[in-house]
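Given next are the chains, with one letter for each unit.
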Amino acid sequence: MATMKSVQTGAVGKVDVVDVERPVPGPKDVLIKIRACGICGTDATFLHMGGMPARGHAGGELIPVPLGHEPAGEVVEVGADVSDLKIGDRVVVNPQASPTGIIGCGGKYGSMSDRLLIENAVLGTSVAVFPETVPFAVAALNEPMAVARHAVNRSQATPTDKVVVFGAGPIGLGATIWLKLRGVEHVVVADVIPERLETALAVGADAVINSATEDITARLTELHGEAANALGQPRAGTDIYLDAAGAPAVFNATIAAAKWGAKMVMVAVQKKSDAIDLGGMLRSELTLIASQGYPTEIFEVTPELAEHQDRFAKLISHRVPFRDVEQAFELVLTPGAAEKVVVTFDE
């Protein structure tokens, strides 16, 4: 039996690198050699849990989770019935298209492995091909950038809108890039880590706010002008607030600053919040918009990611070889230690 290395959840806060059987593609499948795979906040959540409950054992027995849902790789085997993919194609993956569960998020397979089986492989549905000019590490940003793109699409931002993005992690910075490529004239990024704010400026933000030391409402008013809420009380002229941080303070700061008719888009996983000031929302007629995943965006972003690859490459703070994958996950679990970690696989 041929085996391969694969990463799964271990003890709480740890990963295990295990030998598993190398999958064999059927007639409708392809096998991908993974060349790069990003680490996501969802991976960190599984590590904090130490796995996921076994089916029928909620709150009890935990089972390991094969990790990795942000892969880029090369097709190395093609099933007999697959006609639109060939050996050597460089591809990114839709982890939600797998019939045996979401890749790296509780499904049978994870892409933090030497090989990844794409079941029922269909070009444009389960995988997309990207050009040789794009490094695998940058291509591995395809999935999180689809998440960011969906949030921007949900915002319906126009060029004349004034926008603030809370959180300068990969999703917030990706949203910033998409907003600027959409033609939005003024985009502000707020975060508490100075290095992340520097990256925000590097990828095209028009201004930044250190929310640990600056008054958000005052700074947004300075940058976006003064407006009012439904009661005529002074508020910032910001049109759209995009939450890529998920901290309770973001919601409170938005309500405190929001003018009449402002919108708030939530793309971050929301942490347990304090009581929400519903009266404050009412006074601004604040529209709350939730953004989950990428219903259509997973491969819509691929050609633009290739076209603007130098800009997106700035999101990667660490490229870590697979032999040091445990350290890569330690980086992700250490607050403020990394922006985006991509694990690379030897040729």
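Residues numbered from 1 in each chain as written. Predicted model: local features only at pLDDT ≥ 70, side-chain atom pairs only at ≥ 80, totals over all residues. Heavy atoms only, no water.

### Quick word on the pattern of salt bridges
So, step 1. Summed over the entire model, instances satisfying the criterion amount to 10 salt bridges.
So, step 2. K5 is the salt-bridge partner of D19, the closest N and O atoms lying 3.0 Å from each other. In this pair, D19 is assigned in strand β2 (residues 15–21) and K5 in strand β1 (residues 3–9), connecting sequence segments 14 residues apart.
So, step 3. The partner of R219 in a salt bridge is E222, with the nearest N and O atoms 3.3 Å apart. Taken together, the residues span about one helical turn, with R219 and E222 both in helix α6 (residues 216–224) at a distance of 3 residues.
So, step 4. E222 sits in the exposed class, given a relative accessible area of 59%.
So, step 5. Linked by salt bridges that have partners in common, E214, R219 and E222 make up one network. (Salt bridge = Lys/Arg side-chain N within 4 Å of Asp/Glu carboxyl O. Helix = DSSP H or I, 4+ residues; strand = E, 2+ residues; numbered from the N terminus. Buried < 20%, exposed > 50% of the residue type's maximum accessible area, 1.4 Å probe, protein only.)

### Remarks on the pairing of β1
So, step 1. For β1, a buried count of 5 out of 7 residues is recorded, marking the element as mostly surrounded by other parts of the structure.
So, step 2. As judged from the 7 bridges shared by β1 and β2, these two strands associate in the antiparallel manner. Of the residues in β2, the one forming a bridge with T3 is E21.
So, step 3. Connecting the antiparallel pair β1 and β2 is a turn made up of 5 residues, with G13 showing a positive phi of about 80°. (Pairing = 2+ DSSP bridges.)

### Observations concerning the packing of aromatic side chains
So, step 1. Under the defined criterion, the tally for this structure stands at 4 aromatic pairs.
So, step 2. Centre to centre, the rings of F130 and F136 are 5.8 Å apart; their planes meet at 90°, and the pair counts as edge-to-face.
So, step 3. Look at F130 and you get buried, because its relative accessible area is 5%.
So, step 4. Their ring planes at 20° and their centres at 4.7 Å tell us that F322 and F345 sit as a pair that is stacked. Here the residue F322 occupies a position in the loop between β18 (318–321) and α11 (325–333), and F345 occupies one in the segment after β19 (341–344), the gap between them amounting to 23 residues. This pair shows no difference in class: F322 is buried, exactly as F345 is.
So, step 5. Stacked on the ring of F136, the Lys or Arg R90 has its end atom at 4.0 Å from the ring centre.
So, step 6. Between R149 and the ring centre of W178, over which it is positioned, the NZ or CZ distance is 4.5 Å. (Phe/Tyr/Trp six-rings, centres within 6.5 Å; stacked < 30°, edge-to-face > 60°. Lys NZ or Arg CZ within 6 Å of the ring centre and 35° of its normal.)

### Quick look at empty space enclosed by the protein
So, step 1. In total, this model carries 3 cavities of 30 Å³ or more according to the counting rule given.
So, step 2. By volume, the largest cavity amounts to about 40 Å³.
So, step 3. In terms of lining residues, the largest cavity is bounded by V93, N94, A97, S98, P99, I103, L117, I118, E119 and S126. (1 Å grid on protein atoms, 1.4 Å probe; cavity = no way out; pocket = protein on both sides within 12 Å on 5 of 7 lines; lining within 4 Å. Points joined across faces, edges and corners; volume = space filled by probe spheres on them.)

### Quick look at the nonpolar core
So, step 1. Judged by nonpolar contacts, the single largest core of 51 residues is most densely connected at L179, V189, L242 and F312.
So, step 2. Contributions of two or more residues to this core are made by α2 (136–139), α3 (142–155), β10 (162–166), α4 (170–181), β11 (186–191), α5 (194–202), β15 (240–243) and α9 (302–307).
So, step 3. Examining the composition of this core, we find that 6 residues originate from one element, α3, more than from any other.
So, step 4. Apart from the residues within four sequence positions on either side, F312 is in contact with L141, M145, I177, W178, E304 and L305. (Core = buried A, V, L, I, M, F, W, Y, C linked by side-chain atoms within 4.5 Å. Contact = heavy atoms within 4.5 Å.)

On their own, these measurements won't tell you what the molecule is for.
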